[in-house]
Amino acid sequence: MVMPSMEVENSSQAEEIKLRANEAFKAHKYSQAIDLYTQAIELNSQNAVYWANRALAHTKLEEYGSAIQDASKAVEIDPKYSKGYYRRGAAYLAMGKFKEALKDFQQVKKICPNDPDATKKLKECEKAVMKLKFEEAISVPNSERHSVADSIDFRSIGTGPDSSSLTTLVTALAAAAVAMVVVMLVVGIAATTVATTVVAVVVVVIGACWWGGCTSGVFSRSHTVNLDVEPQYSGARIEGDVVTLDFVKRMMDDFRNQKCLHKRYAYQIVLQTREMLRALPSLVDINVPNNSHFTVCGDVHGQFYDLLNIFDLNGLPSEENPYLFNGDFVDRGSFSLEVILTLFAFKCMCPSAIYLARGNHESKSMNKIYGFEGEVRSKLSETFVELFAEVFCCLPLAHVINEKIFVVHGGLFSVDGVKLSDIRAIDRFCEPPEEGLMCELLWSDPQPYPGRGPSKRGVGLSFGVDVTKRFLQENNLDLVVRSHEVKDEGYEIEHDGKLITVFSAPNYCDQMGNKGAFIRFEAPDLKPNIVTFSAVPHPDVKPMAYANNFLRMFS
């Protein structure tokens with residue numbers, strides 16, 4: 001039995017530790033804050049504030065599953081503690097679980113009926129749920145959906161017919177006019193009537209073609225008219241169908257100066273990338289010849305200027321300097337469109353210069369919340385939102401380098417015995433499911449102790465060193481490289497050196513203070529050479545600038 005004096009002493013120590021945890025939180029040292037809140041909880045587990053504060057720190061590290069558990073414990077201890085519901089609702093929201101979030105914000109409003117902030121957030125949550133219900137009501141079953149890519153021809157984007165199209169059009173009209181004149185004269189129609197009829201037909205046909213070119217923007221492939229890009233457009237141009245290094249360099253310079261790429265070329269890049277990705281298996285084998293190198297990058301998350309810095313440090317992608325970008329190219333950072341178009345353009349320029357893997361943020365649900373959808377809609381159009389969603393479903397799920405290094409965005413599996421052939425066999429052309437091999441590849445995380453445990457994110461699972469070693473042994477592999485988690489030094493070596501996490505977005509979201517990293521492998525030994533780097537300045541556009549309005553209220 002704990003004596004009252006000891007309880008008082010423990011409570012006093014817990015309060016002191018909580019204050020230290022609060023200071024760590026303010027300094028953006030969220031892992032340290034979690035450790036300190038944990039110590040306070042061990043001394044006094046019946047204080048709802050400690051659990052709710054730790055929940056908030058978990059949220060900052062995107063550990064939404066752990067945040068929900070801690071916030072639930074807070075409201076279990078004190079059912080009238082509004083911050084417990086508030087923080088659980090925020091975690092549900094971050095996971096896209098709007099209906100669960102709504103219940104918690106309704107409870108906050110019930111406890112604090114006169115709190116204007118609670119009222120505002122409840123209204124925003126109600127809007128989000130209503131929008132979700134509307135989208136569900138009008139959604140089309142997958143079996144009935146038509147590919148938006150199949151309805152797009154980039155050559156039809158412009159202001160009017162190009163010279164070759166116009167020449168063809170004039171030739172056809174001239175031939176038709178001559179034929180009409182001959183027929184009408186043969187049947188004895190007056191010359192003035194003939195002339196009037198020919199002029200009317202020509203005007204109508206030209207007008208119809210011109211109107212279609214000006215208004216549709218995206219033609220059916222069955223009746224395409226090539227259109228010129230506006231002469232006043234001063235940005236990068238693709239000559240013909242070939243994306244060249246000169247074009248990519250010019251495009252990156254334009255992006256660096258916050259200039260836009262013409263929609264015609266954006267369509268061309270995305271559509272050509274789609275065709276290449278569709279042809280790939282779900283698990284791609286990469287061969288690095290002896291005395292050659294290969295670079296693996298982790299999450300970039302829309303930090304375009306840090307991407308440029310990677311290329312400054314390590315060289316542009318080429319056949320002699322190939323890269324693998326391991327998912328999460330977009331979201332959170334507000335230059336996600338520039339990032340994805342740059343990576344896709346290099347893929348078009350030279351398919352073997354760059355490999356791209358899907359991350360958990362290459363999905364509709366994440367893009368809707370964390371900014372990419374809003375950014376694409378703002379900078380391009382709604383059609384591009386749909387197109388990117390399609391193309392993301394074509395991204396491979398994992399890569400194997402020289403039959404020895406397994407590279408995946410998230411991690412390993414809830415069951416033993418998964419073979420590389422099982423990964424190759426995954427039908428990936430869909431939105432990520434909430435369970436199964438595909439989900440776990442995109443979402444899982446390593447844990448420091450053996451076995452398996454629940455995911456701190458609320459999706460996927462946590463897996464230990466024994467799980468990693470068995471997977472490598474069963475598939476005759478040497479190393480797992482994954483991304484998915486921010487690390488203070490940009491990387492972390494775990495599981496007795498058998499697993500490396502690499503994260504390439506320094507000072508993540510302009511607040512984490514972490515370094516970025518990439519890994520260079522030299523064949524034939526494939527020893528990892530890890531390079532770290534710091535964040536570089538970027539224009540004054542805040543992270544999450546295009547994110548869901550409700551989520552920005554909590555950022």
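Presented here is an overview of the structure given in this document. (Residues numbered from 1 in each chain as written. Predicted model: local features only at pLDDT ≥ 70, side-chain atom pairs only at ≥ 80, totals over all residues. Heavy atoms only, no water.)

### Thoughts on the nonpolar core
Selection criterion: Note on terminology: a nonpolar core comprises buried Ala, Val, Leu, Ile, Met, Phe, Trp, Tyr and Cys residues joined through side-chain atoms within 4.5 Å. Residue burial is assigned from relative accessible area. The probe radius is 1.4 Å, only protein chains are included, and a residue is buried under 20% of its type maximum, exposed over 50%, and partly exposed in between. Put simply, DSSP H or I for four residues or longer makes a helix, DSSP E for two residues or longer makes a strand, and each gets a number counted from the N terminus. Every residue pair with non-hydrogen atoms within 4.5 Å of one another is taken to be in contact.
By size, the foremost hydrophobic cluster in this structure holds 60 residues, and its most contacted members are Leu261, Ile269, Phe325, Ile340, Leu341, Leu387 and Phe388. Listed by contribution, the elements that provide at least two residues to this core are helix H10 (245-256), helix H11 (263-278), helix H12 (304-314), strand S5 (323-325), helix H13 (336-349), strand S6 (354-356), helix H15 (372-379) and helix H16 (382-392). Take this core: its biggest share by element is nine residues, from H13. Contact partners of Phe325, with chain neighbours within four places excluded, come to Cys297, Val300, Leu307, Phe311, Leu343, Ile354, Tyr355, Leu356 and Ala357. Counting residues in each nonpolar core, the second largest holds 49 residues, with Met95, Ala128, Ile369 and Val408 among its members.

### Notes on the sheet that holds strand S14 (residues 499-502)
Note the following rule: Any two strands with at least two DSSP bridges between them are considered paired. In this description, a line fitted to the C-alpha atoms serves as the axis of each element, helices being fitted only across the stretch in contact, and the angle between N-to-C directions of two axes falls anywhere from 0 to 180 degrees.
Read across the open sheet, the six strands follow the order S3-S7-S8-S12-S14-S13; overall the sheet is mixed. The sheet is open, and its two edges are formed by strand S3 (283-286) and strand S13 (491-494), each paired on a single side. Geometrically, the sheet is characterised by an average inter-axis angle of 20° between neighbouring strands, direction not taken into account. Relative to strand S8 (residues 405-408), strand S7 (residues 398-401) runs antiparallel, the two sharing four bridges. Note on S8: the bridge partner recorded for Ala398 is Val408. Together, S8, strand S12 (479-482) and S14 form the strand contacts of helix H19 (residues 465-474), whose direction differs from that of S12 by roughly 120°.

### Re the sheet that holds strand S10 (residues 452-454)
Overall, mixed pairing links the three strands, which are arranged S9-S11-S10 in an open sheet. Every interior strand has two partners, whereas the edge strands, strand S9 (445-446) and S10, have only one. Of the strand pairs in this sheet, S10 and strand S11 (residues 461-463) are connected by three bridges, and their pairing is antiparallel. Bridging across to S11, Gly453 finds its partner in Ser462.

Function cannot be read off these values alone, since they describe shape.
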